Amino acid sequence: LEWESIEGVATSLVNLELTSCEGLDDARLGDLLQNCKKLRALRVSDLNTTGLFLKSCSRKLKELSMINSVSEDICLNELKEMTELEKLLLKGVGLTSETVNTLSSYCTSLRELDICSTSLLRDLKEGVFLRCLGSLEVLRIQLNLKLMELSAAAFSSGRMKRLRSITFVSFLNIGCIR
């Protein structure tokens, strides 16, 4: 499929999923997304980008999924524009307390958060994490004692009134069996 053919129908796209697209960088992806005026769901995986393409996303984006597609921390300024974001899935993406704070401050429509990121705990602050949990209905995070303690504290304090589901994911490295 040629990029020109995708760019031709971009204005009517509602959902877009891109996986392992060679040669697709932030600039090219940004150009494509700028034409996607009706885009509500974007799923990208295994792309070699910095995340700057998010500048071009519609402010009406409801669902964003990024798996191993951002080489740096997720772009905070771009997240601030996604005020209607309801579902966010991040795997293999760097997260900090500042990122989680941005999510809770600007992405006020966020209801479902899936953050199975190994670098999440770099500087996680309890207050920031608890504030983010308040509006969530579904939370999926990597199994970690600190996160379990914070989630339990938030749940028992009544801060997680909307939460219907919380999943702690454990990643096991069992190696190669011969």
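Everything below is about the structure shown above.
Before going further, it helps to examine the environment of Ser12. One can find Ser12 in the loop between helix H1 (3-9) and strand S1 (15-19). Placed 25 residues apart in sequence, Ser12 and Lys37 show a C-alpha to C-alpha distance of 7.2 Å.

Okay, the side chain of Asp26 next. Looking at the secondary structure, you find Asp26 in helix H2 (residues 26-34). Nearest to the buried, unbridged Asp26 among oppositely charged side chains is Lys55, at 8.9 Å. Polar side-chain contacts of Asp26 include one of 3.2 Å to the backbone nitrogen of Phe53. Discounting residues that sit within four places of it in the chain, Asp26 has contacts with Thr49, Thr50, Gly51, Leu52 and Phe53.

Moving on to H2. When H2 is considered as a whole, its buried residues turn out to be Asp26, Leu29, Gly30, Leu32 and Leu33. Burial along H2 is one-sided: seen end-on, the buried residues are contained in an arc of 160°.

Right, let's get into the pairing of strand S5 (residues 112-116). Look at any regular strand and the pattern is simple: side chains alternate between the two faces of the sheet. With four of five residues buried, S5 is to be regarded as a mostly interior element. Bridge count for strand S4 (residues 87-91) against S5 is five bridges, and the pairing is parallel. Each residue of the ladder has a partner; that of Leu90, found in S5, is Ile115. Pairing of S5 with strand S6 (residues 138-142) involves four bridges; the strand directions are parallel. Considered in S6, the bridge of Leu113 is made with Leu139.

Calculation criteria
- Residues numbered from 1 in each chain as written.
- Predicted model: local features only at pLDDT ≥ 70, side-chain atom pairs only at ≥ 80, totals over all residues.
- Heavy atoms only, no water.
- Helix = DSSP H or I, 4+ residues; strand = E, 2+ residues; numbered from the N terminus.
- Buried < 20%, exposed > 50% of the residue type's maximum accessible area, 1.4 Å probe, protein only.
- Lys, Arg positive; Asp, Glu negative; His and termini not counted.
- Salt bridge = Lys/Arg side-chain N within 4 Å of Asp/Glu carboxyl O.
- Polar contact = N/O pair within 3.5 Å; in protein donor to acceptor, adjacent residues only side chain to side chain.
- Contact = heavy atoms within 4.5 Å.
- Arc of directions from axis to C-beta.
- Pairing = 2+ DSSP bridges.

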